[in-house]
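Fold and contact review
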Amino acid sequence: MSSATESRRREVLRAIVADYIASQEPVGSKSLLERYQLGVSSATIRNDMAVLENAGLIAQEHTSSGRVPTQKGYRVFVDSLHEVKPLSRAERRAMLTFLEGGVDLEDVLRRSVQLLAQVTKQAAVVQMPNLKVSRVKHCEVVALSPVRLLLVLITDNGRVDQRNAELDFPIDPEQTLRMRDILNNALAGRTLSDASVELSMLIDSAPPDIRPHLLKAATTLIETLVDQPSDRLIMAGASNLTRVARDFPDGLPAIIEALEEQVVVLKLLASVPDLGNVSVVIGEENDDDQLHQVSVVAAGYGSEGATLGGLGVVGPTFMDYSGTISKVSAVARYVSDIVGGE
């Protein structure tokens with residue numbers, strides 16, 4: 001087979017995918033000839049479509065003469081994308097302005113999924129920063145009452161977690177300040193796993209009058225923030241999938257259930273590529289059976305070359321891959337810029 005023939009068949013596949021994404025209607029040889037300047041006869045196009053069908057890249061639905069892309073066809077299409085749709089200057093400006101309005105990291109991430117859901121018309125998800133790669137920036141200690149403390153742990157990527165610690169004995173303001181200084185001297189600049197070791201060593205050397213309080217605080221921090229760091233997922237736009245519910249053979253409920261379970265999507269986002277790259281997982285490439293009818297386009301966000309979490313969209317396999325890749329990439333880059341600038 002000549003390279004010209006192979007090139008034309010790739011072009012025919014791209015045309016079928018593009019038409020199907022736009023219309024969700026089977027694509028016939030006649031419409032391909034009308035829409036695209038392929039420079040060959042209708043018989044040649046029909047022959048090309050037969051070859052693509054034999055290769056498992058397109059399939060015939062029912063008795064219609066048209067063809068639809070298969071998941072294998074979408075993969076070939078995505079892998080052959082050399083350029084993605086560029087965003088306009090106005091789109092980029094609007095995105096950045098909206099994200100920069102966030103008051104803290106969680107607000108920025110919440111805005112990022114709202115934005116992705118809106119601009120892609122898909123379900124959007126973002127993973128809160130992985131605590132395991134975070135370093136402690138500051139630990140604030142606030143006495144809510146003489147026997148209850150609020151512990152606020154702030155990490156270098158802007159994540160804020162807070163927990164209450166119930167004390168066995170009352171604590172006075174001076175003791176609260178001393179305990180805050182002791183905690184910060186031990187924790188600031190350390191990863192949370194190292195911080196856990198420091199916390200466990202603090203107790204023996206603590207002044208006797210605050211040792212019981214420090215034990216309560218350290219135990220609370222270790223148990224809730226270090227030993228069991230909870231990756232959280234923020235989601236938006238799941239209702240967008242109802243627009244294409246008829247196109248999910250196994251039904252929409254299984255997909256919504258997978259999103260709400262979070263574990264499945266967190267596993268996906270945990271394997272995002274290095275910063276600056278976008279991954280596309282199509283249909284049955286997803287490990288989880290519940291996501292075999294969808295595609296996931298995801299990217300990592302972070303600062304100083306370290307990936308802190310992933311974000312992306314979940315939608316039908318006939319999504320606009322070029323536009324979606326561009327939008328996911330842009331939002332991930334802007335979130336990284338904001339996180340890095342904090």
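Our subject is the structure that appears above.
Conventions adopted
- Residues numbered from 1 in each chain as written.
- Predicted model: local features only at pLDDT ≥ 70, side-chain atom pairs only at ≥ 80, totals over all residues.
- Heavy atoms only, no water.
- Helix = DSSP H or I, 4+ residues; strand = E, 2+ residues; numbered from the N terminus.
- Rg over C-alpha atoms; globule rule 2.2 N^0.38 Å.
- Buried < 20%, exposed > 50% of the residue type's maximum accessible area, 1.4 Å probe, protein only.
- Contact = heavy atoms within 4.5 Å.
- Areas by Shrake-Rupley, 256 points an atom, 1.4 Å probe, with all protein chains shown as cover.
- Lys, Arg positive; Asp, Glu negative; His and termini not counted.
- Charge placed at Lys NZ, Arg CZ, Asp CG, Glu CD.
- Axes fitted to C-alpha atoms, helices over the stretch in contact; angles between N-to-C directions.
- Parallel < 35°, antiparallel > 145°, perpendicular 65-115°, else oblique.
- Left-handed = near helix turned anticlockwise from the far one by under 90°.
- Nonpolar A, V, L, I, M, F, W, Y, C, P; charged D, E, K, R; others polar.
- Phe/Tyr/Trp six-rings, centres within 6.5 Å; stacked < 30°, edge-to-face > 60°.
- Lys NZ or Arg CZ within 6 Å of the ring centre and 35° of its normal.
- Core = buried A, V, L, I, M, F, W, Y, C linked by side-chain atoms within 4.5 Å.
- Domains from an automatic or database assignment.
- Pairing = 2+ DSSP bridges.
- Salt bridge = Lys/Arg side-chain N within 4 Å of Asp/Glu carboxyl O.

Looking only at helices and strands, one finds twelve helices and ten strands in the protein chain. In terms of C-alpha radius of gyration, the protein chain reaches 26 Å, well past the compact-globule figure of 20 Å for 342 residues. Structurally, the protein chain occupies a C-alpha span of about 90 × 40 × 35 Å along its principal axes. When the 342 residues of the protein chain are sorted by exposure, 48% land in the buried category. A separation threshold of at least 6 residues defines the contact pool for the protein chain, and within that pool the share at least 24 residues apart is 60%. If you sum the accessible surface of the protein chain, you get close to 16500 Å²; carbon and sulfur atoms cover 50% of it. Across the protein chain, the centroid of the 34 positively charged side chains sits 7 Å from that of the 45 negatively charged ones.

For the pair helix α5 (residues 89-100) and helix α6 (residues 105-120), the least separation of the axes is 9 Å and the interaxial angle reads 150°. When the axis of α5 is compared with that of α6, the two are roughly antiparallel. Between α5 and α6 lies a crossing whose hand is right-handed. In this structure, α5 uses Met 95, Phe 98 and Leu 99 to contact α6, whose residues at the interface are Val 108, Arg 111, Ser 112, Gln 114, Leu 115 and Val 119. Grouping the constituent residues of the contact of α5 with α6 by class yields six nonpolar, two polar and one charged.

In this section: the packing of aromatic side chains. If you walk through the whole model with that rule in mind, you get two aromatic pairs. The interplanar angle of 50° and the centroid separation of 5.8 Å between the aromatic rings of Tyr 74 and Tyr 321 together place this pair among those described as tilted. In this pair, Tyr 74 is assigned in helix α4 (residues 71-79) and Tyr 321 in helix α12 (residues 321-341), connecting sequence segments 247 residues apart. Take Tyr 321: its relative accessible area is 0%, and that puts it in the buried class. When the ring centre of Phe 98 is taken as reference, the NZ or CZ atom of Arg 111 above it lies at 5.0 Å. A cation over an aromatic ring shows up here: Arg 333 above the ring of Tyr 334, its NZ or CZ 5.4 Å from the ring centre.

Generally speaking, soluble globular proteins have nonpolar side chains that are buried together. Judged by nonpolar contacts, the single largest core of 56 residues is most densely connected at Val 12, Leu 32, Leu 109, Leu 311, Tyr 321, Val 331 and Val 335. When residues of this core are assigned to their parent elements, the largest contribution, ten residues, is made by α12. Both of domain 1 (4-80) and domain 2 (89-129 + 232-340) provide at least three residues apiece to this core. Grouped together as the second largest cluster of nonpolar side chains are 25 residues, Leu 153, Met 179, Leu 183 and Leu 187 included.

Turning our attention to the side chain of Lys 327. As for its placement among the helices and strands, Lys 327 is situated in helix α12. When residues no more than four places from it in sequence are discounted, the contact partners of Lys 327 are Leu 87, Met 95, Leu 116, Val 119 and Thr 120.

Bringing the pairing of strand β9 (residues 294-303) into the picture now. Within β9, ten of the ten residues are buried, which leaves the element mostly enclosed by the surrounding structure. Both faces of β9 are covered, namely the face carrying Val 294, Val 296, Ala 298, Gly 300 and Gly 302 and the face carrying Ser 295, Val 297, Ala 299, Tyr 301 and Ser 303. Direction of pairing for strand β8 (residues 278-282) relative to β9: antiparallel, over a ladder of five bridges. From the neighbouring strand, Ser 279 faces β9, where its bridge partner is Ala 298. Bridging between β9 and strand β10 (residues 306-316) involves ten bridges; their strand directions are antiparallel. Note that in β10 the partner of Gly 302 across the bridge is Thr 307. Where β9 folds back onto β10 in an antiparallel hairpin, the turn is made up of two residues, including Glu 304, whose phi is positive at roughly 50°.

Here we take up the pattern of salt bridges. Within the structure shown, the criterion is met by 18 salt bridges. Arg 178 is the partner of Glu 174 in a salt bridge, and the nearest nitrogen-oxygen pair spans 3.3 Å. Here Glu 174 pairs with Arg 178, and both are found in helix α7 (residues 173-187), just four residues apart, close to one helical turn. Within the structure, one salt-bridge network assembled from shared partners comprises Arg 8, Arg 9 and Asp 48.

Function cannot be inferred from these measures alone, as they are strictly geometric.
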